[in-house]
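# Structural characterization, general
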Amino acid sequence: MSQYTQPPQPQQPYAPPHTPGTRPARNGLGIAALVLGIIGTLSGLVPLLFWLAGVLGLIALILGLSGRGRVKRGEATNKGVTTFGAVLGLVALVLSVVGAVIMFKAVDDVVKDIDKELSGSSASAKPGGGSGDSPKDSGKDDGKDKGAADTLEGRDTAAYDDGLEVTVSNAAAYTPDAYAAGHTKGNRAYKVSVVIENKTKKKYDSVLASVDARAGADGVNAEQIFDGTVGEGFTGTVLPGKKVTVQYAFDTPADAKNLTVEVSPGFDWDASQWDLKL
């Protein structure tokens, strides 16, 4: 044998040729769309989570449509799962819109309620008999409502927009008894009647009402007088259609020409003022 003879080469193992169409199915997009669609739809049932439902629903819809594209190209086999995920994504988007509307409406109602609580119910004036026995001056303002910020006169009524009405009488000279508190010797005392009529549909707690007064051109505080006749203040609840009357007396400087009485029916109503001639 020749020394140049080559040893036999080992044979390579046989590898079958690649068979087309056996690549693994790419079903991930459809599964992700289904999972996100389910979570988004459940989130949409809670109005507070409308934002989460919107985000997840949009992603699920995009993934579902992309997954359907894979199914059409033969790259995926989960057509039903992909379609259902896209549908749930669309449902989540609809629920997110509904939840957003509900939440914004609720917030708007709360803001309006808070604004109403802070601003209070405003009042217009119903002219009364005035401070004298004759008609008021020229009568140009007869039949017109005064603004809530205007000062009323004796026997005028502050009519609030919810139906509550407050009326203050003219000031009448008053003589406190010997045991009166709040009266200073040398000053004059005047009495007024305050009437609150409940024309609303709900009970009114008159304990919330407060009555204060200022006297003279300088607006000094007119101290309230307490004796056996006046000074008790409002108490109890006023039923719809009923009224309550309380008499107040105030101590004023001897030279005071007017008494300004301010009545605040409560936290939900603006205070109204009456300018009474002395």
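Predicted model only: the values in this text are computed from it and were never measured.

### Let's talk about the overall build of the protein
Secondary structure summary: the protein contains 3 helices and 13 strands in total. Across the protein, every contact between residues at least 6 apart in sequence was considered, and the portion connecting residues at least 24 apart equals 71%. In the form shown here, the protein has an accessible surface area of approximately 17300 Å², with 58% of it arising from carbon and sulfur atoms.

### A look at the pattern of salt bridges
This model, assessed by the stated rule, comprises 7 salt bridges. Measuring nitrogen to oxygen at the nearest pair gives 3.4 Å for the salt bridge that ties Arg73 to Glu75. Since its relative accessible area comes to 56%, Arg73 is described here as exposed. Lys112 is the salt-bridge partner of Asp108, the closest N and O atoms lying 3.3 Å from each other. Residue Asp108 and its partner Lys112 are both found in helix α3 (residues 79-119); the two are separated by 4 residues, about one turn of the helix. Residue classification places Asp108 among the partly exposed positions, given a relative accessible area of 33%. When salt bridges that share partners are traced, they join Arg26, Arg73 and Glu75 into one network.

### A closer look at the sheet that holds strand β7 (residues 210-215)
The 4 strands lie next to each other as β8-β7-β12-β13, forming an open sheet whose pairing is antiparallel. What marks the edges here is a single partner per strand, and that holds for β8 (220-221) and β13 (272-277). One ladder, built from 6 bridges, connects strand β12 (residues 258-264) with β13; its direction is antiparallel. Counterpart to Asn258 in the pairing with β13 is Lys277.

### Focus: the pairing of β7
Alternating residues of β7 divide into Val211, Ala213 and Ala215, all buried, and Ser210, Asp212 and Arg214, none buried. The pairing of β7 with β12 spans 6 bridges and is antiparallel. Residue Ala215 lies in a different strand from β12, and its bridge partner there is Leu259. Note that β7 and β8 share 2 bridges and pair antiparallel. Among the inter-strand pairings, Ala215 is bridged to a residue of β8, identified as Val220.

### What to know about the packing of aromatic side chains
Per the counting criterion, the structure on display carries 4 aromatic pairs. Ring plane angle 70° and centroid distance 5.9 Å describe the contact between Phe50 and Phe104, whose orientation is recorded as edge-to-face. Of the two residues, Phe50 is situated in helix α2 (residues 50-72) and Phe104 in helix α3; the sequence distance between them amounts to 54 residues. Residue class for Phe104 comes out exposed when judged on its relative accessible area of 55%. On the numbers, 5.6 Å between centres and 85° between planes, the contact of Tyr204 with Trp269 is edge-to-face. Of the two residues, Tyr204 sits in strand β6 (residues 204-205) while Trp269 sits in the loop between β12 and β13, which places them 65 residues apart along the sequence. With respect to class, Tyr204 is no different from Trp269; both count as buried. An aromatic cluster is defined as three or more aromatic residues linked by ring pairs; in this entry it consists of Phe234, Tyr248 and Phe250.

### Describing the side chain of Ser43
Note that Ser43 resides in helix α1 (residues 28-44). Assessed through its relative accessible area of 8%, Ser43 is described here as buried. When near neighbours in sequence (up to four residues on either side) are disregarded, Ser43 contacts Leu49, Leu52 and Ala53.

### What to know about the packing of α1 against α2
Orientation of α1 relative to α2, taken along the N-to-C sense of each, is 155°, at an axis distance of 8 Å. With respect to α2, the element α1 is oriented roughly antiparallel. Our pair here, α1 against α2, has a crossing hand that is left-handed. Contacts between α1 and α2 pair Leu29, Ala32, Ala33, Leu36, Gly37, Ile39, Gly40, Ser43 and Gly44 from the former with Leu52, Ala53, Leu56, Ile59, Ala60, Leu63, Gly64, Ser66, Gly67 and Arg70 from the latter. Residues that form the contact of α1 with α2 fall into these classes: 11 nonpolar, 7 polar and 1 charged.

### Focus on α2
Over its 23 residues, α2 extends 33 Å from the first C-alpha to the last, a length consistent with the 33 Å expected when each residue adds 1.5 Å. For α2, the set of buried residues is Ala53, Gly54, Leu56, Gly57, Ala60, Leu61, Leu63, Gly64, Gly67, Gly69, Arg70 and Val71. Directly beyond the C-terminal end of α2, a positive phi value near 80° is found at Gly74.

### Looking at the side chain of Gln273
By the element assignment, Gln273 lies in strand β13. For Gln273, a relative accessible area of 16% puts it in the buried group. A distance of 2.8 Å separates polar atoms of two side chains, one belonging to Gln273 and the other to Glu262.

The rules behind the values
- Residues numbered from 1 in each chain as written.
- Predicted model: local features only at pLDDT ≥ 70, side-chain atom pairs only at ≥ 80, totals over all residues.
- Heavy atoms only, no water.
- Helix = DSSP H or I, 4+ residues; strand = E, 2+ residues; numbered from the N terminus.
- Contact = heavy atoms within 4.5 Å.
- Areas by Shrake-Rupley, 256 points an atom, 1.4 Å probe, with all protein chains shown as cover.
- Salt bridge = Lys/Arg side-chain N within 4 Å of Asp/Glu carboxyl O.
- Buried < 20%, exposed > 50% of the residue type's maximum accessible area, 1.4 Å probe, protein only.
- Pairing = 2+ DSSP bridges.
- Phe/Tyr/Trp six-rings, centres within 6.5 Å; stacked < 30°, edge-to-face > 60°.
- Axes fitted to C-alpha atoms, helices over the stretch in contact; angles between N-to-C directions.
- Parallel < 35°, antiparallel > 145°, perpendicular 65-115°, else oblique.
- Left-handed = near helix turned anticlockwise from the far one by under 90°.
- Nonpolar A, V, L, I, M, F, W, Y, C, P; charged D, E, K, R; others polar.
- Expected span 1.5 Å × (residues − 1).
- Polar contact = N/O pair within 3.5 Å; in protein donor to acceptor, adjacent residues only side chain to side chain.

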